[in-house]
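Letter by letter, the chains look like this.
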Amino acid sequence: LSATLKDGTPIVIRRAGVRDAEGLTRLDQELVTEGLWTVRDPSERASSVEELKRIASYDAPDRLLIVALAGPLVVGEATLKAHKVARCAHVALFSITVAIDFRGRGVGRALVGAACAWADAHPTIEKMELFVFANNERAISLYTAFGFAMEGRRDRYVRFGPTTYVDDLVMGRWCSKREGNPRNA
């Protein structure tokens, strides 16, 4: 999938592969070092070996790991992973990461759109769910634009210091299914 960012920069969105491990590791390190929008602290960075294992774990029909590329540079990723237990297997956990220099330019919108389209076309996934910090207004606005609604709040769920907490929101989106799908009833 090709897209053009607000500033005219072309990007490509595709499934992640082994060749993306280094770029995904760099993106993870950038996010964890920034420390604003992740539950992990800087000591919990992923290695390239861990990224290779993570990429391999998404090689399943109910999982998606996509990357956004600006030229050869990985500038974003999105994941969807259906729950393993049968009674919840119709729900997929969604997450997204966008490189600092590419935020606000349309990468997130392209990734969320691609992930929603994949989930909408999936034969068993009926719902997407995500977790987002309550103070991440930009992300909440983006998710809402794609039909996600707030379903719950986990008070003081993330601790950034001895007395600094952030609430975590639970948001969900029911997938729109093709006409004639019996699950639409």
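This text gives an overview of the structure that appears in the document. (Residues numbered from 1 in each chain as written. Predicted model: local features only at pLDDT ≥ 70, side-chain atom pairs only at ≥ 80, totals over all residues. Heavy atoms only, no water.)

Spatial strand order, β1-β2-β3-β4-β5-β6-β8-β7: eight strands in an open sheet with mixed pairing. Looking at the sheet topology across the chains shown, the edges are occupied by β1 (2-4) and β7 (149-159). Going from strand to strand, the sheet's axes swing by 25° on average, the running direction of each strand aside. In terms of strand pairing, strand β5 (residues 91-98) meets strand β6 (residues 127-133) through three bridges, oriented parallel. Paired with L93 across the bridge in β6 is E129. Here helix α1 (residues 21-34) sits on the sheet in contact with β3 (63-70), β4 (73-82) and β5, set at roughly 90° to β4. Together, β5, β6 and β8 (165-174) form the strand contacts of helix α4 (residues 137-145), whose direction differs from that of β6 by roughly 165°. (Pairing = 2+ DSSP bridges. Helix = DSSP H or I, 4+ residues; strand = E, 2+ residues; numbered from the N terminus. Axes fitted to C-alpha atoms, helices over the stretch in contact; angles between N-to-C directions. Contact = heavy atoms within 4.5 Å.)

This brings us to the pattern of salt bridges. Enumeration over the complete set of coordinates arrives at eleven salt bridges. The partner of D155 in a salt bridge is R153, with the nearest N and O atoms 3.8 Å apart. Since its relative accessible area comes to 56%, D155 is described here as exposed. You can call R153 partly exposed: its relative accessible area is 45%. The partner of D167 in a salt bridge is R153, and the shortest N-O contact between them spans 2.7 Å. Placement of D167 in strand β8 and of R153 in strand β7 is noted, with a sequence separation of 14 residues between them. Through salt bridges that share partners, E51, R54 and E77 make up one connected network. (Salt bridge = Lys/Arg side-chain N within 4 Å of Asp/Glu carboxyl O. Buried < 20%, exposed > 50% of the residue type's maximum accessible area, 1.4 Å probe, protein only.)

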